[in-house]
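Okay, here's what each chain looks like letter by letter:
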Amino acid sequence: MLIKRREDLSYSEVTPKGAYSNRRNFLFGLLATGGAVSGWKYFENWRSGPAKGSVPRPLAGVRKGPFQAKDPVTPEGDVTTYNNFYEFGTGKSDPSRNARNFVTSPWEVSIEGEVKKRMKLSLEDILKIAPLEERIYRHRCVEAWSMVVPWIGYSFRNLVKLAEPTPKARYVAFQSYYDVRQMPEGPEAGIPFPYLEGLRMDEAMHPLTLLCVGMYGETLPNQDGAPVRMVIPWKYGFKSIKSLVKIRFVRNQPPTTWSTENPAWYGFYSNVNPNVDTVRWSQATEHRLGSGLFARPIPTQMFNGYGDQVASLYAGMDLRKYY
Ligand SMILES: Nc1nc2c(c(=O)[nH]1)N[C@H]1C(S)=C(S)[C@@H](COP(=O)(O)O)O[C@H]1N2
Ligand SMILES: [Mo]
C-alpha cells in the first residue's frame, strides 16, 4: 500500500484535512487510497454536522524506521473505524463517531516520580525529542482481531533518557486523559477512568516500545489516541494506552485498568501468547481487519511475532503465571 509522504509540507503550514469536507473532496477522496476514510467522514459530517474537534494533519520529516513488518498494511479506514477507546463508548465504531469533537490542543504530558528531571511537555516539545520514524507493526487485540499499522513516533526510551530516572525507578505508570465534558460516553463504559497502564522498566526501554504521535503519514486521529499514545507491539492492544497525559516512574508495579478490573482475564504483562487463552477468547488465532468477513483466521504468533527481539526480557519467567 502506498503511504502518503509529504515531507515538503511543514507541520503547521497545512490546512487541516478534515476542516473542509465538501462534495468535490468526497468524490476525489473516493478515487484515492483513503476513499473509505473520506467517505466515512463525509457521511458523518452529513449526519451530525462538521466535527468540532482536532483533526489529523500531515507530519513532516518522517523517516523510515526500523521494524517494518512484512504483512500487508491494513487499510486506514478499517483501522480508524474499528477499535476500542472506552472513554468514547464501548462499541467498535463508537470511538470514530464520538471522538470527533475531542479537542487535543493545547496538550500537556507530565513526567513525574523517580526521575531527576520532572517536567511538563507540550506536544510540540514531544515532537522534538527524537526524529520521527514510520514503523509498520502488527497490532493484536485480546478480542482476537488484529491489524498492521504504519505508526509514526520514536522509541519511548528517548523520553526516558531525557527524564533521567533514578535507580529507584523500576516501572513506568501511564495515565490517559479523562474529562467527562469531552468524553460524555465515559461514565457508561463500566470501567473506571482515567485509563491506567504500566510497563516494567526494561520493557519501557526496549527499542520496539513506541511513543506514537501519528499514523498513515499524519498526526493521530482522535479515536486512535491523539495526540500522543503508546504502542507496544508484542503485547495485547489494551497495553497501548491512548491520549497520554501522565508518565510516572515508580518503584512498584503500578495498578493497570484491565488487570484491576478482572485479574483472572488480564495480567500486568499481557504478552501476546497463543498458548494461554483468556476466559472469553481463544488466543490461538486472530482475524485480520480488512481481510474480509469470510477470511480464515490466521495463527497468532508468540509475542505477536516479536519473540526474537523480546523473549529474553522474560527469560526464566513462567508465562502462564505472569500472563
Ligand atoms: N485510554 C484508552 N486507551 C486504550 C483503550 C481504551 O479504552 N482507553 N483501549 C485499548 C484497547 S483494548 C485496544 S485493542 C487499543 C485499540 O485501539 P487502536 O487500534 O487505536 O490501537 O487501544 C487500547 N488503548
Ligand atoms: Mo483490545
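Residues numbered from 1 in each chain as written. Chains lettered and ligands numbered in written order. Predicted model: local features only at pLDDT ≥ 70, side-chain atom pairs only at ≥ 80, totals over all residues. Heavy atoms only, no water.

Draft legend 1. Main features of the overall build of the protein. Across its full length, the protein carries nine helices and 13 strands. A buried classification covers 54% of the 323 residues belonging to the protein. A total accessible area of about 14800 Å² is found for the protein, and carbon and sulfur atoms account for 55% of it. (Helix = DSSP H or I, 4+ residues; strand = E, 2+ residues; numbered from the N terminus. Buried < 20%, exposed > 50% of the residue type's maximum accessible area, 1.4 Å probe, protein only. Areas by Shrake-Rupley, 256 points an atom, 1.4 Å probe, with all protein chains shown as cover.)

Draft legend 2. Representation of the confidence of the model for the protein in the model. Summarising the model, the protein shows a mean pLDDT of 89, and 86% of its residues fall at 70 or more. This stretch, residues 1-33, has a pLDDT under 50; its non-local contacts, to residues over four places away or in other chains, come to 51 contacts. (pLDDT = per-residue confidence, 0-100. Contact = heavy atoms within 4.5 Å.)

Draft legend 3. Representation of unusual backbone geometry within the structure. With an omega of 0 degrees, the peptide bond between serine 105 and proline 106 qualifies as cis. The topology assignment puts proline 106 in the loop between helix H4 (94-98) and strand S2 (108-113). Following phenylalanine 193, the chain continues to proline 194 via a peptide bond in cis, the omega torsion being 5 degrees. Position of proline 194 relative to the elements: it lies in the loop between strand S6 (171-176) and strand S7 (196-200). The residue glutamate 164 is not glycine, and still its phi comes out positive at about 55 degrees. Tracing the backbone through its elements, the reader meets glutamate 164 in the loop between helix H6 (157-163) and S6. Judged by its relative accessible area of 27%, glutamate 164 falls in the partly exposed class.

Draft legend 4. Region of the structure containing the site of ligand 1. Neighbouring ligand 1 are 18 residues; Tyr86, His139, Met147, Asp224 and Lys242 lie closest to it. At 2.9 Å, a backbone N or O of serine 240 approaches a nitrogen atom of ligand 1. One nitrogen or oxygen atom from the side chain of lysine 242 is found 2.7 Å from an oxygen atom belonging to ligand 1. Isolated, ligand 1 exposes 530 Å² of accessible area, and the fraction of that covered by the protein chains is 98%. Looking at the shell around ligand 1 residue by residue, the classes come out as eight nonpolar, six polar and four charged. (Near = heavy atom within 4 Å. Polar contact = N/O pair within 3.5 Å; in protein donor to acceptor, adjacent residues only side chain to side chain. Nonpolar A, V, L, I, M, F, W, Y, C, P; charged D, E, K, R; others polar.)

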